[in-house]
Amino acid sequence: MNELVRQQFGANAERYVRSAVHARGQSLERMIALAKPQPHWLALDVASGGGHSALAIARRTRRVVALDITGPMLKAARAFAREQGVDHISWMQGDGQFLPFATAIFDLVTCRVALHHFSDPPAAIRAWARALKPGGRLVLVDNVGPDDRAANAYVNAFEALRDPSHGWMHPLATLVDFVKQAGLRVTHVERLIKPMDFAAWMDRMNVDAETREHLEEMLRSSRGPAREFLNPQGRPPFMTFDLHEGVVAAEA
Ligand SMILES: C[S@@+](CC[C@H](N)C(=O)[O-])C[C@H]1O[C@@H](n2cnc3c(N)ncnc32)[C@H](O)[C@@H]1O
């Protein structure tokens, strides 16, 4: 799985750095509002990708450690941060499931739109909980799937077709359970519905023509709870569908 992640994101790093969906987006605003970063804080942003979450936190804290498994992604994000005049982010290559840090050193841990690539999300969240100081905050944002089991399998298959490094999107309630099982106290849970431009979503992963047709067919032929969840609207090239993001805030 990690090798697939490196291949997919390594080949598409620049597109993610320039992605408006990742650079702005409601979940970024919600993440900052819930994290309430303080100027003296040391923060860890796991799976930093294009660096948008790390940058937003860095503008409000002493230092951010931005960790990602994909070297080219880190390189592109670092250059982007420099363009913005931000130089107090430490960029580190590593697996967010095995943190190379002492216990209880971070005031804040964030992870946005990445956990669905991880092979063992509960183990990852346990590692983040260990890295938090007592009273430290976690804000986790990730794409979530429908509660209905069959619909969830359908939506996950749709995602995996576009991105072979997609692991599994859990329902929001399962994410909340993972956080509780890591020993953290959940303080806030919410769901954000994010209408996606279907063509731009495929462009970001450089999807080939045959796969595009297959994905379009999956949207058109979706039924029942899967259709309600995906909510396809319009026709190509102006087609949209809904992604659902779960936001979970917790304290150590
Ligand atoms: C969609 S991007 C994240 C976007 C970013 N957090 C933001 O808010 O703009 C997903 C990232 O997860 C990273 N990733 C996936 N699995 C990982 C793992 N096990 N450890 C660290 N990073 C990982 C990928 O390399 C990719 O850069």
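(A) Fine view of the site of the ligand. Close to the ligand lie 24 residues; Ala 47, Gly 49, Ser 53, Thr 70 and Gly 96 are nearest. Contributing elements (two or more residues each) for the shell around the ligand: α1 (2-11), α5 (52-58) and β2 (63-68). Split by residue class, the shell around the ligand holds 10 nonpolar, 11 polar and 3 charged.

(B) Highlighting the environment of Ile 69. Mapped onto the elements, Ile 69 comes out in the loop between β2 and α6 (71-83). Those residues within four positions of Ile 69 in sequence are excluded, and the remaining contacts are Asn 2, Val 5, Arg 6, Gln 93, Gly 94 and Asp 95.

(C) Structural context of the sheet that holds strand β7 (residues 240-251). Strand order in this open sheet of 7 strands is β3-β2-β1-β4-β5-β7-β6, and the pairing throughout is mixed. At either margin of the open sheet sits one strand with a lone partner, and together these are β3 (89-93) and β6 (185-197). Neighbour-to-neighbour, the strand axes of this sheet turn through a mean angle of 15°, independent of strand direction. Judged from the 6 bridges that link them, strand β4 (residues 106-112) and strand β5 (residues 132-144) form a sheet pairing that is parallel. Across the sheet, Thr 110 pairs through a bridge with Val 139, a residue of β5. Those strands touched by helix α4 (residues 26-35) are β4, β5, β6 and β7, and its axis lies near 165° from that of β5. Across the sheet, helix α7 (residues 121-131) touches β1 (42-46), β4 and β5, and the angle it forms with β5 is around 150°.

(D) Up close: the packing of helix α8 (residues 149-162) against helix α11 (residues 209-220). In the contact formed by α8 and α11, the axes pass within 10 Å of each other and the chain directions differ by 165°. In terms of orientation, α8 and α11 fall into the roughly antiparallel class. As for how α8 packs across α11, the hand of that crossing is left-handed. Facing Phe 158, Leu 161 and Arg 162 of α8, the residues of α11 in contact are Thr 211, His 214, Leu 215 and Met 218.

(E) Region of interest: the nonpolar core. Ranked by size, the top nonpolar core spans 71 residues in total, and within it Val 109, Trp 128, Leu 138, Leu 140 and Val 179 carry the most contacts. Beyond its immediate stretch of four places on either side in the chain, Leu 140 contacts Cys 111, Leu 115, Leu 175, Val 179 and Val 248.

(F) Layout of helix α9 (residues 172-181). For α9, every residue scored as buried is listed here: Leu 172, Leu 175 and Val 179. Taken down its axis, α9 places every buried residue within 60° of arc, on the same side. Opposite the buried face of α9, by more than 90 degrees, sit the exposed residues Ala 173 and Gln 181. Buried residues belonging to α9 abut α7, β5, β6 and β7. Directly after α9, the chain includes Gly 183, whose backbone phi takes a positive value near 90°.

What counts and how
Residues numbered from 1 in each chain as written. Predicted model: local features only at pLDDT ≥ 70, side-chain atom pairs only at ≥ 80, totals over all residues. Near = placed C-beta within 6 Å. Helix = DSSP H or I, 4+ residues; strand = E, 2+ residues; numbered from the N terminus. Nonpolar A, V, L, I, M, F, W, Y, C, P; charged D, E, K, R; others polar. Contact = placed C-beta atoms within 7 Å. Pairing = 2+ DSSP bridges. Axes fitted to C-alpha atoms, helices over the stretch in contact; angles between N-to-C directions. Parallel < 35°, antiparallel > 145°, perpendicular 65-115°, else oblique. Left-handed = near helix turned anticlockwise from the far one by under 90°. Core = buried A, V, L, I, M, F, W, Y, C linked by C-beta atoms within 7 Å. Buried ≥ 20, exposed ≤ 12 C-beta atoms within 10 Å, placed from the backbone. Arc of directions from axis to C-beta.

Remember that the coordinates give geometry; whether it matters functionally is a separate question.
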